[in-house]
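Per-entry structural report
Residues per chain are reported as follows:
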Amino acid sequence: MKPINRQSLLVATTFLALMALSAGTPKEPVPLYKNPSAPIEKRVQDLLKRMTVEEKVGQLSTLLGWEMYDKQGATVQVSKKFEQAIQEQKIGALWATLRADPWTQKTLTNGLNPALAAQATNALQKYAMEHSRLGIPLLLAEECPHGHMAIGTTVFPTALGQGSTWNPALIEQMATVIAQEARLQGAHIGYGPVLDLAREPRWSRVEETYGEDPVLTSQLGSAMVRGFQGKNLKSGINIISTLKHFAAYGVPEGGHNGGSVSPGMRELQRSYLPAFEAAVKAGALSVMTAYNSIDGVPCSANPVLLKTILRDQWGFRGFTVSDLTSISGLSSTHRVAATPADGAALAINAGLDDDLSGYGFGNALLDAIRQKKVNTAVLDTAVSRVLRQKFAMGLFDNPYVDAQKASAGVKTDSHVKLARQVAQEAIVLLKNENNLLPLAKTTKHIAVIGPNADNVYNQLGDYTAPQPDGSVITMLQGIRTKFGSGTRVTYAKGCSIRDTSSAGLAEAIQTARAADVVVLVLGGSSARDFKTEYQTTGAASVKATEASISDMESGEGFDRSSLDLMGRQQQLLEAIVKTGKPVVLVHVQGRPLNMNWAAAHVPALLTTWYPGQEGGNALADVLAGDYNPAGRLPISIPKSVGQLPVYYNAKKPTSHDYVEVDAKPLFAFGYGLSYSSFDYSNLSIQVLGTGENTRAKVSFSVKNTGTRDGDEVVQLYVDDKVSSVVGPIRQLKKFRRVPLKAGEQKIIDFDLAAEDLKLLNPDMQWVAEAGTFAVMVGPSSDVVRLTKAFELPNSIYLNATK
């Protein structure tokens, strides 16, 4: 037998090995969590059991995103800081990646347009998928209260203006656009809507709310959720809605942002929680906790709020997230925790799932776990809630977006047109003596005067990105365009919002004297600038004395001790009125400012709040009569800070007058005028059904008796005449914005269900109590055109909340 050739043996062995491989050597099975056809719950559990404790804690960390990319000309790549965050902290989410403003120091130059934004989010996702051990995609959250806070997006009116529309269908349409613009750029979560009741106008964030009423806020907030989330989170144009700020954040003592509040549980349930409950029932998948404490318990460590109410009673299935640094605030500011680890344990054990900052949980939570202050079941529950949304959005299967679609689908002509419509519907006409408005388009000379007449950022509000030239229509620009070459339009600034220089007053007075009519634009500003210093929360650091005074007197951190016009504005107003020229006063503002003198001396008065990028066109449409104003106040305008609080639905008994002034607001909730007039008639009420199906069918007629087409916002209020606990003097229950042509009449029907008549009785049970209910119908909370009472024959018990 011949000896075996070693080279031949090696060749043969190699051949046999290759044959074995080609015959189908068993491969590593694809993990269940990577199987797109597997049920989401099974995918979540499969992934969860593969994760280390460090990876789980990382999924609960949402870091500041604008530091996570590097822009080099027309290309974007991930930053070293992001690489480090993935490798060391194993993070699961970023916030405000695309945000641009003075706080982030991102400008039109170094920030990202929509196409580059899509490139950036794709690069971040690619790195996370390829460099995390288990290939887990990111959740990217963005600020979206009145537009996606990013360069190149559509800027709508702030929420107080949205509230003035009293039009949920329009707000849902607006939210759909905001969601599309954010999602096309790679975002998955939109922070908003803000559902806090604004009953303290000195508070700096009033502009972010829908006003003072739980019913109006519930309707508009639910509309925002529907618009954001749509019917399919995998659509590529929808985002998760994060409700803010849970709970009772809008009524801090003294108006101090983040200050403590102390409503009882009944008041919390009756006033401050209904909007959140309605939004949860509308499908909201994320809730943000508030900075404040309630009766001594910080909201970020409150198990009654986060477990009992949110999940057990309302059936919430999404995840909760802290406000920025609010977990670390448990030890640093609230002082209810001795160490960061104690604070992390308090928060997660109370039901808080995600940390917006990266250091409220992070190492602090790992320490708490090592110290056995947090068990595995609690950690796994929080992580599963976050992962569930990543699977629901299809991010494990395709985390990327199309940069071309982002470029083409953001700030389209139709989106800008919608911004104009929202701004139009938000304008509230407060006074129109002798029908000064609308102005004739043949008016020869209009003087446009004031610090907010031609200031781009002063009309946009807080949470707004830098704007390229020409994208925002100021009041002056809108008026010049509307009235055309046949009308001379002159301009003088007059003064600033806060600065006390009087250098421009003489020019403004001279400009007014030469005109036929003056449009004077005053108010406030939430315009951040690069000189302002900011806290780690993003709120401004306000100094009582500043060498260089910016216009900003509203917006997060800018609480007020007075509601008076600042700087030389009141002096300018009185000087312009003294010229004897007809004056149209426009307030561009983020909170209700003092209008006492103006209401007594100026013939025409409007508020636009912060009207967004199309504010100038919208105002010009109203001034010229091309749009008939129908906005209604979502918040009462007080006569004095000494009256506060002055919201319309205060509890009985009726407030008595002060020595100096009566107890009524200057302009009440729901108030607003029109160029038309409307009559109400034929109120009827029928009580139908039995038990929980009992309802009162309310019907009445409303007729446009004017010569112009217009909208009437019909409002229905209820007074429970005798109840087992003290209730409000009156409470809005139903409303509708009704378009009516000149001379047209419509029949309006509303159903009042047991849910609309319920209260929390002394035993903390929800019940619609038997007895008499007065129905009041009219155009505002203090103007009743029709009233009628009905009897509820039997008490109807609903869900108890003990």
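Concerning the overall build of the protein
Summing up its helical and strand segments, the protein has 23 helices and 28 strands in all. Taking 28 Å as the expected radius of gyration for a compact globule of 802 residues, we find that the protein reaches 29 Å, a close match to that expectation. C-alpha extents for the protein along the principal axes are approximately 125 × 65 × 55 Å. Sorting the 802 residues of the protein into buried and exposed places 61% on the buried side. Considering only contacts in the protein between residues 6 or more positions apart, those separated by 24 or more positions represent 78%. Summed over all atoms, the accessible surface of the protein reaches about 30,900 Å², with 51% contributed by carbon and sulfur.

What about the sheet that holds strand β26 (residues 771-778)?
Pairing within the open sheet is antiparallel, and its four strands lie in the order β22-β21-β26-β27. At either margin of the open sheet sits one strand with a lone partner, and together these are β22 (731-740) and β27 (786-792). The average undirected angle you get between the axes of adjacent strands in this sheet is 20°. Pairing between strand β21 (residues 710-720) and β22: nine bridges, direction antiparallel. Among the inter-strand pairings, E712 is bridged to a residue of β22, identified as V738.

Things to note about the nonpolar core
Core analysis: the largest hydrophobic core is formed by 150 residues, its most contacted members being W95, F246, L365, I449 and L520. Sorting elements by how many residues they give to this core places helix α7 (residues 168-184) first, with eight residues. Setting aside chain neighbours within four positions, we find I449 in contact with A492, A508, T511, A512, V518, V519, L520, V521, L572 and I576. With 31 residues, the next largest nonpolar core counts I446, L476, F483 and L619 among its residues.

Details of the pairing of strand β5 (residues 139-143)
The buried count for β5 comes to five of five residues, which makes it a mostly enclosed element. The two faces of β5 match: L139, A141 and E143 on one face and L140 and E142 on the other face are all buried. Pairing between strand β4 (residues 93-95) and β5: three bridges, direction parallel. Note that in β5 the partner of W95 across the bridge is A141. As a crossover connection, the stretch from β4 through helix α5 (residues 114-131) into β5 is right-handed. Taken together, the three bridges between β5 and strand β6 (residues 189-194) define a ladder with parallel strand orientation. When the bridges of β6 are listed, E142 appears paired with G190.

Topic: the sheet that holds strand β20 (residues 695-704)
Spatially, β19-β20-β23 is the arrangement adopted by the three strands of the open sheet, whose pairing is antiparallel. Taken across any chain shown, the strands that pair with only one partner, and hence form the sheet edges, are β19 (678-688) and β23 (745-753). Pairs of neighbouring strands in the sheet enclose a mean axial angle of 20°, with direction left out of account. Examined bridge by bridge, β20 and β23 share nine bridges and lie antiparallel to one another. Within the sheet, the bridge partner assigned to K697 lies in β23 and is D751.

Some details on the environment of L139
Here L139 lies in strand β5. According to the relative accessible area criterion, L139 is buried, its value standing at 2%. Residues in contact with L139, not counting those within four places in the same chain, are G92, A93, L94, H188, I189, F319, V386, K390 and L395.

Focus on the packing of α7 against helix α8 (residues 214-229)
One way to put it is that α7 packs onto α8 with a least axis distance of 7 Å and a crossing angle of 35°. Once α7 is placed against α8, the crossing between them reads as right-handed. Across from P168, I171, E172, M174, A175, T176, I178 and A179 in α7, the residues of α8 making contact are Q219, L220, A223, M224, R226, G227 and F228.

Quick look at the pattern of salt bridges
Within this structure, the stated rule accounts for 40 salt bridges. Residue R50 pairs with D46 through a salt bridge whose shortest N-O separation is 3.0 Å. One end of the pair, R50, and the other, D46, are both in helix α2 (residues 40-50), four residues apart, so they sit about a helical turn from each other. On the basis of relative accessible area, R50 is assigned to the partly exposed category, the value being 34%. Taking relative accessible area as the criterion, D46 reaches 7% and is therefore assigned buried. In this structure, the salt-bridge partner of K721 is D719, at a minimum N-O distance of 3.2 Å. Judged by relative accessible area, which is 45%, K721 ranks as partly exposed. Connected via shared salt-bridge partners are R420, K441, K482, D621 and D626.

Observations concerning the side chain of D355
Inspection of the secondary structure puts D355 in strand β12 (residues 355-356). Despite its burial, D355 remains without a salt bridge, the nearest opposite charge being carried by K81 at 13 Å. There is a polar contact of 2.9 Å between the side chain of D355 and the side chain of S357. At a separation of 2.9 Å, a polar atom in the side chain of D355 contacts the main-chain amide nitrogen of G360. Ignoring sequence-local partners within four residues, the contact set of D355 consists of L60, S61, T62, S322, I327, G360 and F361.

Brief notes about helix α19 (residues 505-513)
Those residues of α19 that fall on the buried side of the exposure criterion are L505, A508, T511 and A512. Seen from one end, α19 has its buried residues packed into an arc of 125°, which puts them on one side. In α19, the exposed residues that point more than 90 degrees away from the buried face are A506, Q510 and R513. Along its buried surface, α19 packs onto β14 (445-449), β15 (488-492), β16 (517-523) and α20 (569-578).

Considering the confidence of the model for the protein
Of all residues in the protein, 94% have pLDDT values of 70 or greater, and the mean over the chain is 94. Under a pLDDT of 50 for its full length, residues 9-23 has, in the predicted model, two contacts with residues more than four places off or in other chains.

Description of the environment of G254
One can find G254 in the loop between β7 (240-246) and α9 (265-272). For the pair formed by G254 and L644, sequence separation is 390 residues and the distance between their alpha carbons is 10.0 Å. Leave out the neighbours within four places in its chain, and G254 touches E200 and R202.

Observations concerning α20
Since the α-helix packs 3.6 residues into each turn, any two residues three or four apart lie on the same face. Where α20 is concerned, the buried positions are Q569, L572, L573, I576 and V577. For α20, the arc enclosing every buried residue in end-on projection is 130°, short of the 170-degree limit, so these residues lie on one face. Buried residues belonging to α20 abut β14, α19, β16, β17 (583-588) and α21 (596-601). Downstream of α20 by a residue or two, G580 has a phi angle that is positive, lying close to 85°.

Rules behind the numbers
Residues numbered from 1 in each chain as written. Predicted model: local features only at pLDDT ≥ 70, side-chain atom pairs only at ≥ 80, totals over all residues. Heavy atoms only, no water. Helix = DSSP H or I, 4+ residues; strand = E, 2+ residues; numbered from the N terminus. Rg over C-alpha atoms; globule rule 2.2 N^0.38 Å. Buried < 20%, exposed > 50% of the residue type's maximum accessible area, 1.4 Å probe, protein only. Contact = heavy atoms within 4.5 Å. Areas by Shrake-Rupley, 256 points an atom, 1.4 Å probe, with all protein chains shown as cover. Pairing = 2+ DSSP bridges. Axes fitted to C-alpha atoms, helices over the stretch in contact; angles between N-to-C directions. Core = buried A, V, L, I, M, F, W, Y, C linked by side-chain atoms within 4.5 Å. Right-handed = clockwise from strand over helix to strand, strands pointing away. Left-handed = near helix turned anticlockwise from the far one by under 90°. Salt bridge = Lys/Arg side-chain N within 4 Å of Asp/Glu carboxyl O. Lys, Arg positive; Asp, Glu negative; His and termini not counted. Polar contact = N/O pair within 3.5 Å; in protein donor to acceptor, adjacent residues only side chain to side chain. Arc of directions from axis to C-beta. pLDDT = per-residue confidence, 0-100.

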